[in-house]
Amino acid sequence: MIQFDQVTKRYPGSDEVLKNISFSVNAGEFVFVTGHSGAGKSTLLKLIAATERPTSGTVLVANQNVSQLKASAIPFLRRRFGLIFQDHKLLYDRNCFENVILPLRINGVSGNEAAKRVRAALDKVGLLHKEKAMPITLSGGEQQRLAIARAVVSRPSILIADEPTGNLDASYTADIMAIFYAFNQVGVTVIMATHDALGMSTTQNRVLHLNQGKLVPSTPSHADLSALNQTELSIEKFA
Amino acid sequence: MSNWLNHQLQAIKLVLSRMRDNLLSSFMICLVVGVAMCLPSLFYLGIDNLSKLTDHMQTETEISLFLELDASSDTISEIDALLAKNSAIKQYHLITKDAAWQQLQEKSKNNHDISDAVNQLGKNPLPDAFFIQAESTEPEALELLRNELQTIPGVEQALFNTEWAKRLATLLSLSKKLIFFIASLLAVVLLVIIGNTVRMQILTQKDEIEVSYLIGATSSFIRTPFLYAGMLYGLFGGLLAVLMMMWMIQTFNYSVSQISYLYNSDFRLALFNGVVYLTVIGSAMLIGWIGSYFAVTRAIASIVHLQKSH
């Protein structure tokens, strides 16, 4: 599904943010990208989502070489992803329904079909009753769930989340994680960057640990394992 | 195809609803477009109509032969004989000073100012005159004939009736060039105004554009609503310009009809000038489209650049 081969990324005027990274993610996997802030997590995700191009090496997404893709083809590649950002990037001038329908408009889906899909997505994140509410009136956790609804409404095969729980307290974090697990269980590939322990909550999930731009083998700590139980409880609640 | 159409319709709907939300400022922009389009078009209409009038006059080949005031009836019949022999003359007729005097008095009856002036003259100031229709319409041949006629004894002056019309025509063709420059300058002004307006709108929708990009919107998806906005400003501005022009032409015709009457002319500006109106609306839309295209292309480039640098 996603393959990195000796990828190096350097921004103009800075050191190498990613150094010689190689890995691959299979369809249906749930992969964490961990590391301290500045370790290159966001850059790694941007390379997958084709908002950045590698300085050297190849990035393959669904057998397409991202670095050789024409600029006009990139929007169509991005539609395969659901993107979730730490700062939500919601549009505060319109209500929840209008926020979630945006990707469908871009995909050319409209009318009843679009409305049905928007409500289904809002239902999955537990915000169906708030479709008319403005995002600013929602709590931090609800805003992030709304951002997830927007990311999944066009039924992408890959979800890419950059620290989706970074600004949230523990109970909201468990909610959000449960939603991601639920999507993963129906076959969606999830790639999530996180710097907190809760992210690496299970030994079943692969962890790509970045340290100063390099991939290093990681071992989950006890704290992570105890967080696992907590998360799994909330999965049951949502499933 | 239906998908494409659907997107266009959605974009237009979106733009119209945004315009409705900012009704006053949208109207102001349309008004600016309207006034800017109206100015050169009115100027053009006026000059175009005047030059049609003078074109018509220039095709006439009449020469007026004014005799000396004290010309005797013998002199008149001598000249008459000369004209009859001249092969360059198609036809001619004499209007005696008395006949001319009568005509003037009759025509000025309806207008008080002129009839007062005529009455004050007391005695007839008009000369006898021959009005000559030449055989040829060539300017050189006409000039030759005029010079020949001028030398006949007893003739005060031989005049082309249309000399002033020629001078006017030269002036008018100069004015047409002037209009072209004025119109080009105003087009540049409109490009800047519409471009700037669209740029401001883009800035207020920066977040939406950024997010749309991230979730896979193509450049044309982002661009389309703004292009329609520019085009609609042009359309509404153009329609306003047409309305203003019609109003002004109507007012103008009302006053010109009095003057035209005195000149035995039914000169008036046409109220419905389809070609001019369509040109005004069409070029306003085109200018709007081009202005917003430049604005949106520049703005998108800077937003994408911002997005990458963070």
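Fair warning: this is a prediction, and the values are worked out from it, not measured in the lab.

Moving on: the sheet that holds strand β4 (residues 56-61) of chain A. Residues and elements named next belong to chain A. Overall, antiparallel pairing links the four strands, which are arranged β2-β1-β4-β5 in an open sheet. Because the sheet does not close on itself, it has two edges, and the strands there are β2 (16-25) and β5 (64-65). Bridge analysis of strand β1 (residues 2-10) against β4 gives five bridges, and the strand direction is antiparallel. Residue pairing in the sheet places Gln3 in a bridge with Leu60 of β4. On top of the sheet, helix α1 (residues 41-48) reaches β1, β2 and β4; it is set at about 125 degrees to β1, its chief contact.

With that settled, the discussion passes to the sheet that holds strand β7 (residues 158-162) of chain A. Strand pairing in a sheet relies on backbone hydrogen bonds. The paired strands run either parallel or antiparallel. Residues and elements named next belong to chain A. Taking strand neighbours across the sheet as the criterion, the six strands line up as β6-β7-β8-β3-β9-β10 in an open arrangement whose pairing is mixed. Of all the strands in the sheet, just β6 (81-84) and β10 (214-216) have a single pairing partner and so form its edges. Across the sheet, the axes of successive neighbouring strands diverge by a mean angle of 20 degrees, strand direction being ignored. For β7 and strand β8 (residues 189-194), the ladder comprises five bridges, and the chain directions are parallel. Bridge pairing links Ile160 to Ile191 in β8. Packed on one face of the sheet, helix α6 (residues 170-185) meets β3 (30-34), β6, β7 and β8 and runs near 140 degrees to β3.

For the rest of this paragraph, the subject is α6(A). Spanning 16 residues, α6(A) covers 22 Å between terminal C-alpha atoms, matching the ideal 22 Å at 1.5 Å per step. Those residues of α6(A) lying buried are A:Thr173, A:Ala174, A:Asp175, A:Ile176, A:Met177, A:Ala178, A:Ile179, A:Phe180, A:Tyr181, A:Phe183 and A:Asn184.

Here we come to unusual backbone geometry. With a phi close to 65 degrees, A:Ala50 is a non-glycine residue in the positive phi region. Note that A:Ala50 resides in the loop between α1 and β4.

Before going further, it helps to examine the packing of helix α5 (residues 140-152) of chain A against α6(A). All names here are of chain A. Between α5 and α6, whose axes approach to 9 Å, the crossing angle comes to 15 degrees. On the basis of the axis angle, α5 is roughly parallel to α6. The element α5 and its partner α6 pack so that their crossing is right-handed. Facing Gly141, Gln144, Arg145, Ile148 and Val152 of α5, the residues of α6 in contact are Tyr172, Asp175, Ile176, Ile179, Phe180 and Phe183. In the contact of α5 with α6, the residues fall into seven nonpolar, two polar and two charged.

What counts, and where the lines are drawn
Residues numbered from 1 in each chain as written. Chains lettered and ligands numbered in written order. Predicted model: local features only at pLDDT ≥ 70, side-chain atom pairs only at ≥ 80, totals over all residues. Heavy atoms only, no water. Pairing = 2+ DSSP bridges. Helix = DSSP H or I, 4+ residues; strand = E, 2+ residues; numbered from the N terminus. Contact = heavy atoms within 4.5 Å. Axes fitted to C-alpha atoms, helices over the stretch in contact; angles between N-to-C directions. Expected span 1.5 Å × (residues − 1). Buried < 20%, exposed > 50% of the residue type's maximum accessible area, 1.4 Å probe, protein only. Parallel < 35°, antiparallel > 145°, perpendicular 65-115°, else oblique. Left-handed = near helix turned anticlockwise from the far one by under 90°. Nonpolar A, V, L, I, M, F, W, Y, C, P; charged D, E, K, R; others polar.

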